[in-house]
Amino acid sequence: MLTPAPTDKQFVEASRCSALAASENLGKLDTSAVDAFLRNSAAEQKQSTRIEAVTKMNNARKKADSANGNAKLKLIAERDQVCAPFIGAAQASR
């Protein structure tokens, strides 16, 4: 059975989640699930969506790597809640 292609919003969100999960500053998680999702979905996305996703990923990476205090806690909460479907619920809750 074929699964539907992710929406533009889901693809961009998954890209941001990949960066948050990969951040050493936030506590690096296994990104293999989200990376596979992005790799498998990229060809189905418009070029403008792929560009937006890379931009969001790069911005999230910069924020995550330099975050401290409340900003860091907010990003960790986003990663653990919003990103759980992309990175795996068991990963996010550790």
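Here is a short report on the structure shown in this document. The model shown is predicted, which means the values in this text are computed figures rather than measured ones. (Residues numbered from 1 in each chain as written. Predicted model: local features only at pLDDT ≥ 70, side-chain atom pairs only at ≥ 80, totals over all residues. Heavy atoms only, no water.)

**Some points on the packing of helix 1 (residues 8-22) against helix 4 (residues 69-81)**
Right, on to step 1. Following both chains from N to C, one finds helix 1 and helix 4 inclined at 120 degrees, their axes separated by 10 Å at the closest point. With respect to each other, helix 1 and helix 4 are oriented oblique. With respect to the hand of their crossing, helix 1 and helix 4 are arranged in left-handed fashion. In this structure, helix 1 contributes Arg16, Leu20 and Ala21 to the contact, and helix 4 contributes Leu75, Glu78 and Arg79.
Right, on to step 2. Of the residues in the contact of helix 1 with helix 4, the class split is 3 nonpolar, no polar and 3 charged. (Axes fitted to C-alpha atoms, helices over the stretch in contact; angles between N-to-C directions. Helix = DSSP H or I, 4+ residues; strand = E, 2+ residues; numbered from the N terminus. Parallel < 35°, antiparallel > 145°, perpendicular 65-115°, else oblique. Left-handed = near helix turned anticlockwise from the far one by under 90°. Contact = heavy atoms within 4.5 Å. Nonpolar A, V, L, I, M, F, W, Y, C, P; charged D, E, K, R; others polar.)

**Re the packing of aromatic side chains**
Right, on to step 1. Enumeration according to the criterion identifies 1 aromatic pair in this entry.
Right, on to step 2. On the basis of an interplanar angle of 50 degrees and a centroid distance of 5.4 Å, the ring pair of phenylalanine 37 and phenylalanine 86 is categorised as tilted. Of this pair, phenylalanine 37 sits in helix 2 (residues 32-42) while phenylalanine 86 is found in helix 5 (residues 84-87), placing the two residues 49 residues apart along the sequence.
Right, on to step 3. Judged by its relative accessible area of 13%, phenylalanine 86 is buried. (Phe/Tyr/Trp six-rings, centres within 6.5 Å; stacked < 30°, edge-to-face > 60°. Buried < 20%, exposed > 50% of the residue type's maximum accessible area, 1.4 Å probe, protein only.)

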